[in-house]
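Architecture at a glance
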Amino acid sequence: MNLLKLSKINKSFDKNQVLKDVSISLNKGEVISIIGPSGSGKSTLLRCITGLEQMDSGLIEFNDITIAAATKKIVNTEAVNAHKKIGMVFQNFNLFPHKTVLENIIEAPIIVNNINKKDAINIARKLLTKVELLDKIDSYPCTLSGGQKQRIAIARALAMNPELILFDEPTSALDPKLTGEVLKVIRNLALEKISLVVVTHEMQFAREISDRIIFMENGEILETSTPELLFTNPKHPRIKQFLAYTPHNIL
Ligand SMILES: Nc1ncnc2c1ncn2[C@@H]1O[C@H](COP(=O)(O)OP(=O)(O)OP(=O)(O)O)[C@@H](O)[C@H]1O
Ligand SMILES: [Mg+2]
């Protein structure tokens, strides 16, 4: 059974069609990276999965439950519960600036999952230990580095006990040193067999952690392949060209 199944997703902004018949299936425990040039529709695709964007046609299923369909919002309990199992980590962290690290992490578990505060704090402490930031538990986001903020954002996503985490260029706002510490945390999630969809420009990282890599351009999937094949022998000439001009490429 697929954990996530996208079937023929189409999405336009006015006359600009940014997703064209995009279909993707992801199995439980699988790590997929999505790469491709700027403007190819990667973020829009993730936003359709989380319900932040409404698609024009197509179907999104999670654990065989329809969570998004063309033009109508799915609001039944099953779909709402399914959405709670999908975490998202953004390029710009999106932490609540007026809340401490602890408050950022416990808010959704308490409000959305009805977990009591004491348990939520215990979970937060464990997760902060995992991302090596327990000492920042009472800090405010503005006092943290970009890499620390992103690790807090990952801890916050994990606090909802997700079955799938979507990452939208989690390191592109960070300098190389801070990038490494965030990639380490994501790499560990992949090793723990948490299902991940990672939009990234970090080619070496994508190659290392992914079971499959999807290359998107102009709203279309041009190729889905194993990292080995995509990087050593891409079928599509556009991918060869893209990899040759992308920093950190390893061709
Ligand atoms: N809210 C919006 N309104 C109008 N157009 C939009 C909107 N969001 C995205 N677009 C357009 O959709 C296209 C795809 O954008 P998207 O952000 O999904 O690309 P991307 O692959 O994530 O690019 P990047 O690598 O730069 O993040 C672009 O042409 C963009 O201008
Ligand atoms: Mg994007």
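Our subject is the structure listed above.
The present account deals with the structure reproduced in this document. Each residue is numbered by its place in its chain's sequence as written, counting from 1. As they are written, the chains are lettered A onward and the ligands numbered 1 onward, keeping that order. For this predicted model, a pLDDT threshold of at least 70 governs which residues receive local features, and a threshold of 80 or more governs which side-chain atom pairs are given and counted, while totals over whole chains, interfaces and linings are taken from all residues. Side-chain metrics in this entry use all non-hydrogen atoms of the structure; hydrogen atoms and water are not considered.

**Section: the packing of aromatic side chains**
Keep this limit in mind: Pairing of aromatic side chains requires ring centres within 6.5 Å, counting the rings of Phe and Tyr and the six-membered ring of Trp. Pairs whose planes differ by under 30 degrees are stacked, by over 60 edge-to-face, and all others tilted. Two thresholds decide whether a charge sits over a ring: the Lys NZ or Arg CZ must be within 6 Å of the ring centre and within 35 degrees of the ring normal.
Applying the stated rule across the entire model yields one aromatic pair. Across the ring face of Phe-96, the terminal group of Arg-156 is positioned such that the distance to the ring centre comes to 5.4 Å.

**Thoughts on the environment of Arg-156**
To keep it simple, the criterion reads: Under the DSSP-based scheme used, a helix requires at least four consecutive residues in state H or I and a strand at least two consecutive residues in state E, with every element numbered from the N terminus. Distance and chemistry together define a polar contact, namely a pair of N or O atoms within 3.5 Å, with one atom able to donate a hydrogen and the other to accept it when in protein, and with adjacent residues in sequence counting only for side-chain atoms on both sides.
Position of Arg-156 among the secondary structure elements: in helix H5 (residues 146–158). Taking C-alpha positions, Arg-156 is 18 Å from Ala-82, a pair spaced 74 residues apart along the chain. Within the local environment of Arg-156, its side chain forms a polar contact with the backbone oxygen of Phe-93, the two atoms lying 3.3 Å apart.

**With respect to the site of ligand 1**
Selection rule: Here, proximity means that at least one heavy atom of the residue falls within 4 Å of the molecule or strand. Accessible areas in this description were obtained via Shrake-Rupley with a 1.4 Å probe; residue shielding takes into account the shown protein chains only. Charged residues are taken to be Asp, Glu, Lys and Arg, nonpolar residues to be Ala, Val, Leu, Ile, Met, Phe, Trp, Tyr, Cys and Pro, and polar residues to be all remaining types, Gly included.
Neighbouring ligand 1 are 13 residues, the closest being Ser-38, Gly-39, Lys-42, Ser-43 and Thr-44. Lys-42 places a side-chain nitrogen or oxygen 2.8 Å from an oxygen atom of ligand 1. When the free accessible area of ligand 1 is taken as 640 Å², the share hidden by the protein chains comes to 60%. With three residues, helix H1 (residues 42–50) is the single largest residue contributor to the shell around ligand 1. For the shell around ligand 1, a count of residues per class yields three nonpolar, eight polar and two charged.

**Considerations on the sheet that holds strand S7 (residues 164–168)**
We count it as follows: Two strands pair under a simple rule: DSSP has to find at least two bridges between them. To obtain an axis, a line is fitted to C-alpha atoms, over the contacting stretch when the element is a helix, and the angle between two such axes runs from 0 to 180 degrees between their N-to-C directions. Whether two residues are in contact is decided by their heavy atoms: any pair within 4.5 Å suffices.
Strand order in the open sheet formed by six strands is S6-S7-S8-S3-S9-S10, and the pairing between neighbours is mixed. The sheet is open, and its two borders are formed by strand S6 (86–89) and strand S10 (220–225), each paired with just one other strand. Strand-to-strand twist of the sheet, defined as the mean angle between neighbouring strand axes without regard to direction, takes the value 15°. The pairing of S6 with S7 spans four bridges and is classified as parallel. Residue pairing for S7: Ile-86 is matched across the bridge by Leu-164. The strands that H5 touches are S6 and S7; relative to S6, the one it contacts most, it runs at about 170°.

**Some words on the pairing of strand S8 (residues 195–199)**
Selection rule: For the exposure calls, accessible area comes from a 1.4 Å probe over protein chains only, and a residue counts as buried if that area is under 20% of its type's maximum, exposed if over 50%, partly exposed in between. Looking down the strands as they point away from the viewer, one classifies a crossover as right-handed if the path from the first strand across the helix to the second runs clockwise.
Burial within S8 is extensive, with five of its five residues counted as buried. Pairing between strand S3 (residues 31–35) and S8: four bridges, direction parallel. Within the sheet, the bridge partner assigned to Ser-33 lies in S8 and is Val-198. Where S7 lies against S8, five bridges are found, and the strand directions are parallel. Residue pairing in the sheet places Phe-167 in a bridge with Val-198 of S8. Once you follow S7 into helix H6 (residues 176–191) and on to S8, the crossover reads as right-handed.

**Notes on the side chain of Glu-61**
In plain terms, the rule: Two residue types count as positive, namely Lys and Arg, and two as negative, namely Asp and Glu; His and chain ends fall outside the count. For this analysis, a salt bridge means a side-chain nitrogen from Lys or Arg found within 4 Å of a carboxyl oxygen belonging to Asp or Glu.
Inspection of the secondary structure assignment puts Glu-61 in strand S4 (residues 57–62). For the buried Glu-61, no salt bridge exists, and the shortest N-O distance to an oppositely charged side chain is 4.6 Å, to Lys-5. Those residues within four positions of Glu-61 in sequence are excluded, and the remaining contacts are Leu-3, Leu-4, Lys-5, Ser-7, Thr-66 and Ile-67.

**Quick notes on unusual backbone geometry**
Here the phi dihedral of Asn-63 falls at roughly 50°; this positive angle occurs in a residue that is not glycine. In this structure, Asn-94 is a non-glycine residue whose phi angle is positive, near 55°. Tracing the chain through its elements places Asn-94 in the loop between S6 and helix H3 (101–111). Exposure remark for Asn-94: the relative accessible area of 40% places this residue in the partly exposed category.

**What to know about the sheet that holds strand S5 (residues 65–69)**
Across the sheet, four strands lie side by side as S2-S1-S4-S5; this open sheet has antiparallel pairing. Of all the strands in the sheet, the pair left with one neighbour each is strand S2 (16–27) and S5. Across this sheet, the average inter-strand angle for adjacent strands is 20°, counted without regard to direction. Across eight bridges, strand S1 (residues 2–13) lies against S2 in antiparallel orientation. Across the sheet, Asn-2 pairs through a bridge with Asn-27, a residue of S2. Against the sheet, H1 makes contact with S1, S2, S4 and S5, and its axis sits at roughly 60° relative to S2, the strand it touches most. Along the sheet, helix H2 (residues 77–84) contacts S4 and S5; its crossing angle with S5, the most-contacted strand, is approximately 85°.

**Section: the nonpolar core**
Here is the rule we go by: Among buried residues, those of type Ala, Val, Leu, Ile, Met, Phe, Trp, Tyr and Cys that are joined through side-chain atoms within 4.5 Å constitute a nonpolar core.
Counting residues in each nonpolar core, the largest one holds 38 residues, and the members touching the most others are Ile-154, Phe-167 and Leu-196. Of all the secondary-structure elements, those providing two or more residues to this core are H3, helix H4 (117–130), H5, S7, H6, S8 and helix H7 (203–209). With seven residues, H6 is the single largest residue contributor to this core. The contact partners of Leu-196, leaving out residues within four places of it in the chain, are Leu-26, Glu-30, Val-31, Ile-32, Leu-164, Ile-165, Phe-167, Ile-186, Leu-189 and Ala-190.

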